[in-house]
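Examining the three-dimensional arrangement
Single-letter residue listing:
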Amino acid sequence: MGDDPLLLGQRVVAILETGQRTATYKLAALRALIDHCVENLPAQSSDTLTVPIPDLAARVLDSYWPQIRPFEGRELRQMNGKKARIIDATRRLWVAAGQPRRSVDVVKLRAPDEYQRAIDDITMCLAQQPLYRLQRLPGADGEDAFLYDDSFLHDKVSRKVLEEHYFSIVLKPGVAHGLARLSGLLRPALEIMWVDDVRRMNKFLEDGVPDIAGHLFGRTRQALAAVREPFKDAFGPYCFYCQAGLPAGSPIDHVLPWSLVGIDGLANLVLACRRCNGDKSGSVPAVGLVHRVLDRDRQVLEAIADDIQWPVQHDRVVAAARGIYRGQPAGVPTWAGYRRIQRLDVAFPPGWPTSPEPG
Ligand SMILES: [Zn+2]
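Worth saying up front: this structure is predicted, and the values here are computed from it rather than measured. (Residues numbered from 1 in each chain as written. Predicted model: local features only at pLDDT ≥ 70, side-chain atom pairs only at ≥ 80, totals over all residues. Heavy atoms only, no water.)

Notes on the coordination of the zinc ion
The following threshold applies: Metal donors were taken as nitrogen, oxygen and sulfur atoms no farther than 2.8 Å from the ion, or 3.2 Å where the ion is Na, K or Ca. Water is excluded, so coordination may look unfinished. Here the metal geometry follows the donor angles, with tetrahedral for four donors whose angles all fall between 85 and 135 degrees, square planar for four and octahedral for six when opposite donors are more than 155 degrees apart and every other angle is between 65 and 115, and irregular for all the rest. Here a strand is any run of E in DSSP of at least two residues, a helix any run of H or I of at least four, and the numbering for each starts at the N terminus. We call a residue buried when its accessible area falls under 20% of the maximum for its residue type, exposed when it is over 50%, and partly exposed in between, using a 1.4 Å probe and counting protein chains only.
For the zinc ion, the protein coordination sphere consists of Cys239 (SG), Cys242 (SG), Cys273 (SG) and Cys276 (SG), at 2.3 Å. Angles of 102 to 114° at the metal separate the 4 donor atoms of the zinc ion, which places the site in the tetrahedral class. Here the donor residues of the zinc ion share one chain and are spaced in sequence as C-x2-C-x30-C-x2-C. Here Cys276 lies in helix H12 (residues 274–280) and Cys239 lies in the loop between helix H11 (225–235) and strand S3 (252–254), a separation of 37 residues in the sequence. For the residue pair Cys239 and Cys276, the accessibility class agrees, reading buried in each case.

What follows is the structure in structure tokens.
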């Protein structure tokens, strides 16, 4: 089953569609799991993958970070019950760090103790709730564990037991490759479900609903504007893809598309014209484009990062690019520029994409 992504996808969708969720935690946990797989893809498609739960916790924290800011003056509920442990841990960190507008990566450097406390809290909660329940359909027993062995997890699992399992879950053979391949389908689906859940859990959103999706996942549209001027100064006011001169308010493009993997770091961002940005949309970029974006002067990016308090995430882009390309079938079309398609050649040089391109 691990080597059949379609079946894997169907089972994932089935667990998400069964019954009403009482919290968005399962969605956050699953998205974290998919992103982890893309960025840590094992060499062989049938390999298992050990996933540290604190790594998932960091990704989950990253997801909720922009979502805890008030929406029209109100805090959004992300669950029906009273104890919102993950949201509370996220909010505690946000308050302890002085309610910053900046990214959680910056807070991690500035308030490392508070950050670690949040990760610890979220790790425990993930193990006791969404990771324990993710694969359990109502009325079924533990036999349904198709993603990872969850027999040691339960709603009161202790730190000691987690320690004995190295605070990790182990994905079954083929699951990591399967989830990575399905990323482009599952991530947008998860966002739609997430938005639906938040609407349901916040009754005031039902009438005359404003753009709640933009609030939950809209970093792309709002905060990214901070990148525009520094990028124009550093790289010139030109489209990264076609070199056209850019008017004010031109788009900021994610080279590895947001729909495949949510990397907002400067290393994954470029200035683009509307024509290229619209044409590219959620396509997998051609390998050459990823080389070019990773080839930009890292010191320049670091300086911008310091200046606007924004992470670079160069290594994440490298790892995610490797994961995305390895997950594609050979010969798949990739986007090489406005209305230009290039077939993917999967024969990457060793160490790709960190090794320099010949010529
Ligand atoms: Zn362009």
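Describing the packing of aromatic side chains
Operational definition: Think of it this way: a Phe, Tyr or Trp ring, Trp meaning its six-membered ring, pairs with another when their centres are within 6.5 Å, and the plane angle makes it stacked under 30 degrees, edge-to-face over 60, tilted otherwise. A positively charged side chain is recorded as over a ring if its NZ (Lys) or CZ (Arg) lies within 6 Å of the ring centre. The angle to the ring normal must also be within 35 degrees.
Scanning the entire structure with this criterion turns up 6 aromatic pairs. Look at Tyr25 and Tyr64: their rings are 6.1 Å apart centre to centre, the planes differ by 75°, and that puts the pair in the edge-to-face class. Highlighted residues: Tyr25 in helix H2 (residues 25–39) and Tyr64 in helix H3 (residues 53–64), separated in sequence by 39 residues. The same class applies to Tyr25 as to Tyr64, namely buried. A centroid spacing of 5.0 Å and a plane angle of 90° characterise the contact between Tyr241 and Trp335, whose relative ring orientation is edge-to-face. Placement of the pair is Tyr241 in the loop between H11 and S3 and Trp335 in strand S5 (residues 333–337), with a sequence separation of 94 residues. Of the two residues, Tyr241 and Trp335, both sit in the buried class. Among the aromatic residues, ring-to-ring pairing joins Tyr25, Tyr64, Trp194 and Phe217 into one connected group. The cationic tip of Arg296 hangs over the ring face of Phe235; the distance from NZ or CZ to the ring centre is 5.1 Å.

Side note on unusual backbone geometry
Residues other than glycine seldom take positive phi values, yet Ser281 does so here, at roughly 45°. Inspection of the secondary structure puts Ser281 in the loop between H12 and helix H13 (287–294). Of note in the backbone geometry, Gln309 takes a positive phi value of approximately 55° without being a glycine. Along the chain, the position of Gln309 falls in the loop between helix H14 (298–308) and helix H15 (314–326).

Describing the domain arrangement of the protein
Defined as follows: Marked domain ranges trace back to an automatic or database domain assignment. When checking whether two residues touch, look at their non-hydrogen atoms; a contact exists if any pair is within 4.5 Å. Buried area adds together the accessible area that both of two parts lose upon being put together, with accessible area traced by a 1.4 Å probe. Any Lys or Arg side-chain nitrogen located within 4 Å of an Asp or Glu carboxyl oxygen qualifies as a salt bridge. Pairs of N or O atoms are called polar contacts if they sit within 3.5 Å, as long as, within protein, a hydrogen donor faces a hydrogen acceptor (for residues adjacent in sequence, only side-chain-to-side-chain pairs).
What the domain assignment lists for the protein is domain 1 (5–205 + 213–217) and domain 2 (224–343). Look at where the C-alpha atoms of domain 1 and domain 2 centre, and you get two points 26 Å apart. Residue-level contacts link 17 residues of domain 1 with 18 residues of domain 2. For the pair domain 1 and domain 2, the summed buried area comes to about 1,500 Å², and 48% of that belongs to carbon and sulfur atoms. Among the residues of domain 1 in contact with domain 2, Val38, Glu39 and Arg187 are the three that bury the most area, contributing 33% of the side total. Where domain 1 meets domain 2, there are 1 salt bridge. Across the salt bridge formed by Arg316 and Glu39, the nearest N and O atoms sit 2.9 Å from each other. Our count for the contact surface shared by domain 1 and domain 2 stands at 6 residue pairs in polar contact (both at pLDDT 80 or more).

Here's the deal with the packing of H2 against helix H9 (residues 175–201)
To keep things clear, this is the line we draw: Every axis corresponds to a line fitted to the C-alpha atoms, with the helix fit spanning only the stretch in contact, and the corresponding angles, defined between N-to-C directions, vary from 0 to 180 degrees. For classification purposes, an angle smaller than 35 degrees is called roughly parallel, one larger than 145 roughly antiparallel, one from 65 to 115 roughly perpendicular, and anything else oblique. Left-handed is the label given to a crossing in which the near helix is rotated counterclockwise from the far helix by less than a right angle, and right-handed is the label when the rotation is clockwise. Nonpolar residues are Ala, Val, Leu, Ile, Met, Phe, Trp, Tyr, Cys and Pro. Charged residues are Asp, Glu, Lys and Arg, and all others, Gly as well, are polar.
Between H2 and H9, the least distance of the axes is 8 Å, while the angle of their chain directions is 150°. With respect to H9, the axis of H2 lies roughly antiparallel. Considering how the two elements wind past one another, H2 and H9 form a crossing that is left-handed. In this structure, H2 contributes Leu27, Ala28, Leu30, Arg31, Leu33, Ile34, Asp35, Cys37 and Val38 to the contact, and H9 contributes Ala176, Leu179, Ala180, Ser183, Leu186, Arg187, Leu190, Glu191, Met193, Trp194 and Asp197. Broken down by class, the residue content of the contact of H2 with H9 amounts to 14 nonpolar, 1 polar and 5 charged.

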